[in-house]
Amino acid sequence: MLYWLNELSDGGDFFNLFRYITFRAGGAFFTALVFGFVFGRPLINLLRKKYQNGQPIREDGPQSHIETKAGTPTMGGLLILAALTLSTLLWARLDNPYVWLVLLVTVAFGAIGFVDDYAKVSRNSTAGVSGKVRFGLGLVIAAIAGGVAMYVHPADLSGQLAFPVFKELLLNMGYVFIPFSMIVIVGSANAVNLTDGLDGLAIMPVMIAAATLGVIAYAVGRVDFTEYLDVHYVPGTGELLIFTAGLIGGGLGFLWYNAPPAAVFMGDTGSLALGGALGAIAVCTKHEIVLAIVGGLFVAEALSVIIQVLYFKRTGKRVFLMAPIHHHFEKRGWAEPQIVIRFWIISLILALIGLATLKLR
């Protein structure tokens, strides 16, 4: 919205700054950050007052969680969503279809997560909305997003799958791109949801992945950068840098209260929304495969659950002491901050590898 202030410019004054994506991204970051700091504590107090029992803790989970995390309020993802939405609406160009696509996917997945969290805390039960219902709604949202992405992508990229490193290679998927987008977006949403099991574990890797995808979105949205990096030009995606900047600002504001010992959990409200956002950005920028690298930690968490379930059904035995894999390390005696920080380091390394694919060929 503030972008239109550039029309007041004569070309060399303050209002001219609003033309630049980088300036507005900075504005979005600080807007979301301040929002998180200001409204974080009031939201926590409201959640504590309204839902005194806090986040229901699984009885089959680590014993330490029952002892230390019981009573902690959930639905803190509302803080991130509110900060992110406000900063995006203020600082991004609202005539950009990619901004609306990613924002609406984020809010829609956040709504699914909110209903699930509300069902849990209102019943004081770990059983929320049926997994099949959540998964089905997610598929519908992702199918719509995939179809819209095909419509707004340039004609030469619509329905195409791009590959990192082998940058001349495009796979024409046609309308199969829509179910592929569904896998990317829903898979990303659920993978982040599975990762959100320790204080601060999910939010930092999400911010790292968002920062990486924001840089990629900015690069593929500029024809000069795409020529230098030899990647496919997707006009308009540069505005997504503003969205990711808002996500990082809101995420840092949330982390202030989610750092161990957490005063609030993001819940499915935050994890599904943020995971869906990462998937949607990857679809918009034609970097779906790079998302699997940048979000490799989330992929590992999801795979650990899949492997555990399939192997147990087949043999009656377990591969991991507990899944997702961060619980396996808890069972092995790793301290929670040790797991969290090491997973952060892994996420940063994977992000750098993802960025390196921009120049590799």
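Presented here is a report on the structure given in the accompanying data block. (Residues numbered from 1 in each chain as written. Predicted model: local features only at pLDDT ≥ 70, side-chain atom pairs only at ≥ 80, totals over all residues. Heavy atoms only, no water.)

### Structural notes on the environment of Met322
Here is step 1 of the chain: Following the sequence through the fold, Met322 ends up in the loop between α12 (296-315) and α13 (325-331).
Here is step 2 of the chain: When the C-alpha positions of Met322 and Ser304 are compared, they lie 9.1 Å apart, and in sequence the two are 18 residues distant. (Helix = DSSP H or I, 4+ residues; strand = E, 2+ residues; numbered from the N terminus.)

### Some words on helix α14 (residues 336-356)
Here is step 1 of the chain: The terminal C-alpha atoms of α14 lie 31 Å apart, and with 21 residues this matches the ideal 30 Å at 1.5 Å per residue to within 8%.
Here is step 2 of the chain: What α14 keeps buried is the set Glu336, Ile339, Val340, Phe343, Ser347, Leu350, Ala351 and Gly354. For α14, the arc enclosing every buried residue in end-on projection is 110°, short of the 170-degree limit, so these residues lie on one face.
Here is step 3 of the chain: Contact partners of the buried residues in α14: α7 (203-220), α11 (288-294), α12 and α13. (Expected span 1.5 Å × (residues − 1). Buried < 20%, exposed > 50% of the residue type's maximum accessible area, 1.4 Å probe, protein only. Arc of directions from axis to C-beta. Contact = heavy atoms within 4.5 Å.)

### Some thoughts on the pattern of salt bridges
Close approach of charged atoms lets side chains of opposite charge pair.
Here is step 1 of the chain: Under the criterion given, the structure shown has 7 salt bridges.
Here is step 2 of the chain: Lys120 is the salt-bridge partner of Asp116, the closest N and O atoms lying 3.2 Å from each other. One end of the pair is Asp116 and the other is Lys120, both in helix α4 (residues 97-123) and 4 residues apart, which spans about a single turn. Here the two residues Asp116 and Lys120 agree in accessibility, since each one is buried.
Here is step 3 of the chain: The residue Arg222 makes a salt bridge to Asp224 at a minimum N-O spacing of 2.7 Å.
Here is step 4 of the chain: Linked through salt bridges whose partners overlap, the residues forming this network are Asp116, Lys120, Arg134 and Asp268. (Salt bridge = Lys/Arg side-chain N within 4 Å of Asp/Glu carboxyl O.)

### Considerations on unusual backbone geometry
Here is step 1 of the chain: The step from Pro260 to Pro261 runs through a cis peptide bond, and the omega angle for that step is -10°.
Here is step 2 of the chain: Here Pro261 shows up in the loop between α9 (240-258) and α10 (267-285).
Here is step 3 of the chain: The step from Ala323 to Pro324 runs through a cis peptide bond, and the omega angle for that step is 0°.
Here is step 4 of the chain: Of note, Pro324 is situated in the loop between α12 and α13.
Here is step 5 of the chain: Although it is not a glycine, Met75 sits at a positive phi angle of roughly 70°.
Here is step 6 of the chain: We classify Met75 as buried; its relative accessible area is 1%.
Here is step 7 of the chain: With a phi angle near 65°, Lys286 is a residue other than glycine that sits in the positive phi range.
Here is step 8 of the chain: With respect to the secondary-structure elements, Lys286 resides in the loop between α10 and α11.
Here is step 9 of the chain: By relative accessible area, Lys286 is classed as buried at 3%.

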